[in-house]
Amino acid sequence: MATRLPLRRGVNLVGFALCAALMGYALYSQFHLGLEPCPLCIFQRIGVTLLGVVFLAAALHHPRGGGRYGYALLIGLVSLATVLVAARQLYVQSLPPGTLPSCGAPLSVLLKFTPVWQVVRKVLTGSGECGEVNWRFLGLAMPAWVLLWSLALGGIGVIANIRRQD
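Since we're looking at a predicted model, the values are computed, not measured. (Residues numbered from 1 in each chain as written. Predicted model: local features only at pLDDT ≥ 70, side-chain atom pairs only at ≥ 80, totals over all residues. Heavy atoms only, no water.)

A.B. asks: Can you help me understand the overall build of the protein in this one?
C.D. replies: Along the backbone of the protein there are 6 helices and 2 strands. Ordering the α and β elements of the protein from the N terminus gives α-α-α-α-α-β-β-α. Buried positions account for 37% of the 166 residues belonging to the protein. Intrachain contacts of the protein at a sequence separation of at least 6 include 82% that bridge at least 24 residues. (Helix = DSSP H or I, 4+ residues; strand = E, 2+ residues; numbered from the N terminus. Buried < 20%, exposed > 50% of the residue type's maximum accessible area, 1.4 Å probe, protein only. Contact = heavy atoms within 4.5 Å.)

This is how it looks when you write it as C-alpha cells:
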C-alpha cells in the first residue's frame, strides 16, 4: 500500500529541486552560453545553493516539533540574503554608465590576497562588471529572476514549515 508523502516534506523536496534546477541553468549559461558570472552573481549562486541545502535538510530531517520553525527561519534568512544581493545587483545595473567604480581584480584573486570580510564589502559595493546586463528573459535580467525565485521559494518554504499539517 502506498503511503502519502507529507505536504511539508514534499514542499521542501520541490524547493530543493527548484534550487538545483536554478543552479543547473546558471552553470549551463556559464559553460554553454559563455556568460561569465560577476562577483554579485557568484554571491547569488551561493545563496541559491544554500537555500537548496536547507530545503534538502528540512526534507530529510522532517522534524515534527519546534525544529520545523528552525528550518523556516533558516529558509527565510537565506532567501532574504539572496534577495538583498540580487536587489543590489539590480540597483547597480540601473545606474547610468560611468557612475560605477571600475572593474577590480577577479574574485579569485581578491580571495587570495584580501581578508574575506573586505572581499564581501567590496563585492557588495558593486563594480563595473556587475552593472552589465548581458542576458534577459521576458524583459528581466538574471538578477531579477533570482530575486523573484528567492522571494517565492523563501515565502513558500517559510509557510510550509511553520504550518502544522503533518
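A.B. asks: Help me out: how do you make sense of the packing of helix H2 (residues 39-61) against helix H3 (residues 67-94) in this one?
C.D. replies: Helix-helix packing: each pair is described by the crossing angle between the helix axes and the interaxial distance. Where H2 contacts H3, the two axes come as close as 9 Å, and the packing angle between them is 165 degrees. The orientation of H2 with respect to H3, classified from their angle, is roughly antiparallel. For the pair H2 and H3, the crossing hand works out as left-handed. Classifying every residue of the contact of H2 with H3 gives 16 nonpolar, 6 polar and 1 charged. (Axes fitted to C-alpha atoms, helices over the stretch in contact; angles between N-to-C directions. Parallel < 35°, antiparallel > 145°, perpendicular 65-115°, else oblique. Left-handed = near helix turned anticlockwise from the far one by under 90°. Nonpolar A, V, L, I, M, F, W, Y, C, P; charged D, E, K, R; others polar.)

A.B. asks: Help me understand the nonpolar core, please; the structure alone is not making it clear to me.
C.D. replies: Nonpolar side chains in soluble globular proteins tend to end up buried together. Cys19, Val48, Leu51, Val54, Phe55, Ile75 and Leu153 are the most contacted members of the largest nonpolar core, which has 15 residues in total. When residues of this core are traced back to their parent elements, those giving at least two are helix H1 (7-31), H2, H3 and helix H6 (142-162). Not counting the four nearest positions on each side in its chain, Val48 is found in contact with Cys19, Leu22, Met23, Thr82, Val146 and Ser150. (Core = buried A, V, L, I, M, F, W, Y, C linked by side-chain atoms within 4.5 Å.)

A.B. asks: Would you mind showing me how to read a nonpolar patch on the surface here?
C.D. replies: On the surface, a nonpolar cluster with roughly 270 Å² of combined accessible area is contributed by Tyr25, Tyr28 and Leu33. Inspection of the secondary structure assignment puts Tyr25 in helix H1. (Patch = residues over 30% accessible without salt bridge, like charges linked within 9 Å, V, L, I, M, F, W, Y side chains within 5 Å. Areas by Shrake-Rupley, 256 points an atom, 1.4 Å probe, with all protein chains shown as cover. Salt bridge = Lys/Arg side-chain N within 4 Å of Asp/Glu carboxyl O.)

A.B. asks: Explain the environment of Cys41 to me, please; I cannot follow it from the model alone.
C.D. replies: Inspection of the secondary structure puts Cys41 in helix H2. Residue classification places Cys41 among the partly exposed positions, given a relative accessible area of 21%.

A.B. asks: Would you explain unusual backbone geometry in this entry?
C.D. replies: Trans peptide bonds make up the majority, and among non-glycine residues the majority have a negative phi. Positive phi is not limited to glycine here, since His62 has a value of about 45 degrees. With respect to the helices and strands, the residue His62 is situated in the loop between H2 and H3.

A.B. asks: Looking at this structure, I do not really get the environment of Cys130. What am I missing?
C.D. replies: For Cys130, the location among the structural elements is in the loop between helix H5 (116-124) and strand S1 (136-137). Note: C-alpha distance between Cys130 and Tyr91 (39 residues apart in sequence) is 10.0 Å. Once residues within four sequence positions are removed from consideration, Cys130 is found in contact with Cys38, Pro39, Leu40, Gln89, Val92 and Gln93.

A.B. asks: I keep staring at the packing of aromatic side chains and nothing clicks. Help me out?
C.D. replies: What characterises a pair of aromatic rings is the spacing of the ring centres plus the angle enclosed by the ring planes. Taken as a whole and assessed by the stated rule, the structure comprises 1 aromatic pair. Measuring from centroid to centroid gives 5.7 Å for Tyr25 and Tyr28, while their planes differ by 40 degrees, and the two rings are tilted. Here Tyr28 and Tyr25 lie together in helix H1, a separation of 3 residues that amounts to about one turn. Owing to a relative accessible area of 33%, Tyr25 belongs among the partly exposed residues under this scheme. (Phe/Tyr/Trp six-rings, centres within 6.5 Å; stacked < 30°, edge-to-face > 60°.)

A.B. asks: Any chance you could explain the packing of H1 against H2 here in plain terms?
C.D. replies: At a minimum axis separation of 8 Å, H1 and H2 run at an interaxial angle of 155 degrees. In terms of orientation, H1 and H2 fall into the roughly antiparallel class. When the axes of H1 and H2 are compared, the crossing they make is left-handed. Contacts between H1 and H2 involve Arg9, Asn12, Leu13, Gly15, Phe16, Cys19, Leu22, Met23, Ala26, Leu27, Ser29 and Gln30 from the first element and Arg45, Val48, Thr49, Leu51, Gly52, Phe55, Leu56, Ala58, Ala59, Leu60 and His61 from the second. Residues belonging to the contact of H1 with H2 are distributed by class as follows: 14 nonpolar, 7 polar and 2 charged.

A.B. asks: Mind showing me how you'd approach H1 here?
C.D. replies: Over its 25 residues, H1 extends 36 Å from the first C-alpha to the last, a length consistent with the 36 Å expected when each residue adds 1.5 Å. Buried within H1 we find Arg8, Gly10, Val11, Asn12, Gly15, Cys19, Met23, Ala26, Ser29 and Gln30. Where H1 is buried, its residues meet H2, H3 and H6. (Expected span 1.5 Å × (residues − 1).)

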